[in-house]
Amino acid sequence: MSHDYKILIDGKLTKPVKGGTMDVINPHDNSVVATVPRCTAEDVAAAVEAATRAKAVWRNTYIGERAELLFKIAALIRENQDELIALETAQYGGPVMKTSRFDIPSAVGEFEFMAGLGRAHTGLTISADPTARVMTFKEPLGVVGLITPWNFPLVTAVSKLAPALIMGNTVVLKPASCAPLTVLKMAEYIVQAGVPAGVVNILTGPGNEVGEAIVTHPGIDKINFTGDSHVGKRIMSLAAPRVMPVASELGGKNAFIVLDDANLDAAVEGATYSAFFNSGQNCGSPSRFYVQEGIYDEFVKRFVAAASKITVGDPTDPETMMGPLAYMKCRETAEKFVGEAIREGAKVLLREPLPKELEGGAYVMPTILEMYDNKAHYMQEEIFAPCVGVMKVKLPEDIAALVNDCHYGLSSSVWSSDYRKAWLLCEQLKVGTTWINQHLAIVPETPWGGQKESGWTKENSVLVLEEYTYHKHMWMNMDDTPHTFWEEQIRL
Ligand code: NDP
């Protein structure tokens, strides 16, 4: 896997001005997967300058040509998928079962979907006044800064890059430091595809240095960020002096609600998959379960039995369902949350000891705790690990208050065979997405994003295009006679 990774500035694959590097570590065994460039604020300045120069060229490129370039990048990703799958698995521990079926195909799909969708996107015409013609004209925002996390490294970057480009913006993109390799490979495809110089610039380096230099650079017109809520707040505070817009997809503490009349087979399978897929490192994974008392014992028994069957281990093994967390610090954080909950009285329902051969990696076994206090940190904070809490509830009427009593508002699901009851409960939940008899279905056609401290932006669907365009209002009188409220007075 040895490769000379480079950043992309002004159409050239290059090294940072100061020549710094940083290692990417495999969380399975702590080996060094690769060494990548470590940029500084000087590289950010060069990238923003290049993106600024490229603005006029790109916004005036026919949208069909822009779409064609997105299709070319998608084709290059598809051509190189085996290498990208291996890199994705090595850098953040996503099992090949996931990276081959989800990460890389979804990145291709996002490019292709956005290339088509953007071409059909129009402004509004408004019937405001019979003497005028009024419309909104969609303009690109300019230079957008994209800052992305590690849990789906390539596809999260693409789900921002593709709509930004098709809508005519130029871009400075920074992936997460622990998992930048597939995005750096994409930089090579962007050059190969023939995207004009400066339209896409890709930099690697620490968030508190390179990320903040992007956010505070006066040439950036908008930031689109996915990551932790604390970091999102920091970015918003840095953007505030210029009143620069920040789109943010932040953390979640998602609820899984099982009512007495749920189909138990479906609920157990849905719970096990959605809570432990990608080792629970999904912003939308459920980590707090509210289960009605009539079904509680049976649901918990079967959920624990199903979760204990998950194969945990080397993510390169095609049979592995759950790999390590992204890095060792994530394991320490998860263990801290679990330890605190147990000390405070939570009952352990599932927490197998870590097999000896996995002790050196960032592994956490599937963990299910029975919880009694909705205010416990374990039920309120995002752990981002395969660690969930289950709580027994008496009445469906009590559930909405429990779910809403949390500073996050990303997603939830209700499991019930009474669709009317489920729907009415969903209406009471202050979240961005709420599923019925489903959890974690996220596709390009449907909008994704949260409320409250989960952020206020939409990814995917036609709505994401709005994040990268400005509706300029244009009003044209149909003649040159005066049409103002004062026209009589002024004539006098
Ligand atoms: P982080 O917030 O730690 O990092 C995300 C990105 O922000 C990285 O590129 C990081 O760089 C950068 N960054 C860190 N500090 C700053 C800063 N001060 N200024 C600018 N940029 C900065 O998130 P993780 O990578 O740990 O990803 C997990 C988080 O992402 C979870 O909270 C998860 O819920 C959330 N997420 C939300 C989604 C949603 O749709 N709502 C989807 C996916 C994930 P570096 O890596 O160098 O630190």
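The coordinates are above.
As the structure is a prediction and not an experimental result, all values here were calculated from the model.

Enquirer: Could you clarify how one ought to interpret a nonpolar patch on the surface in this entry?
Expert: Together, Met135, Phe137 and Met474 make up an exposed nonpolar region whose accessible area comes to about 240 Å². Here phenylalanine 137 shows up in strand β6 (residues 132–140).

Enquirer: What should I look at first to understand the environment of asparagine 60 in this one?
Expert: Tracing the backbone shows asparagine 60 in the loop between α1 (41–59) and α2 (63–79). On the accessibility criterion, asparagine 60 (63% relative accessible area) is exposed. For the pair asparagine 60 and tryptophan 475, spaced 415 residues apart in the sequence, the C-alpha separation amounts to 23 Å. Of the polar contacts made by the side chain of asparagine 60, one reaches the backbone oxygen of alanine 56; its length is 2.9 Å.

Enquirer: Teacher, can you tell me more about the packing of helix α5 (residues 153–166) against helix α6 (residues 181–193) here?
Expert: Packed helix pairs are characterised by how far apart their axes lie and by the angle those axes make with each other. Running from amino to carboxyl end, α5 crosses α6 at an angle of 45°, the nearest separation of the two axes being 9 Å. Of the possible angle classes, the one that applies to α5 and α6 is oblique. Along the contact surface, α5 presents Pro153, Leu154, Ala157, Val158 and Leu161, while α6 presents Thr182, Val183, Met186 and Ile190.

Enquirer: What am I meant to see in the site of the ligand here?
Expert: In the vicinity of the ligand lie 30 residues, with Trp150, Ser177, Glu212, Leu250 and Glu382 positioned nearest. At a separation of 2.9 Å, an oxygen atom of the ligand approaches a polar side-chain atom of lysine 174. Between an oxygen atom of the ligand and a main-chain N or O atom of aspartate 228, the distance comes to 2.8 Å. Protein contact buries 87% of the 910 Å² of open area that the ligand shows by itself. A per-element tally of the shell around the ligand places helix α7 (residues 207–216) first, with 4 residues. Among the residues forming the shell around the ligand, the class breakdown is 14 nonpolar, 10 polar and 6 charged. Here the shell around the ligand spans two domains, since at least three of its residues come from each of domain 1 (7–250 + 455–474) and domain 2 (254–436).

Each value, and the rule that gives it
- Residues numbered from 1 in each chain as written.
- Predicted model: local features only at pLDDT ≥ 70, side-chain atom pairs only at ≥ 80, totals over all residues.
- Heavy atoms only, no water.
- Patch = residues over 30% accessible without salt bridge, like charges linked within 9 Å, V, L, I, M, F, W, Y side chains within 5 Å.
- Areas by Shrake-Rupley, 256 points an atom, 1.4 Å probe, with all protein chains shown as cover.
- Salt bridge = Lys/Arg side-chain N within 4 Å of Asp/Glu carboxyl O.
- Helix = DSSP H or I, 4+ residues; strand = E, 2+ residues; numbered from the N terminus.
- Buried < 20%, exposed > 50% of the residue type's maximum accessible area, 1.4 Å probe, protein only.
- Polar contact = N/O pair within 3.5 Å; in protein donor to acceptor, adjacent residues only side chain to side chain.
- Axes fitted to C-alpha atoms, helices over the stretch in contact; angles between N-to-C directions.
- Parallel < 35°, antiparallel > 145°, perpendicular 65-115°, else oblique.
- Contact = heavy atoms within 4.5 Å.
- Near = heavy atom within 4 Å.
- Nonpolar A, V, L, I, M, F, W, Y, C, P; charged D, E, K, R; others polar.
- Domains from an automatic or database assignment.

By themselves these figures say nothing about function.
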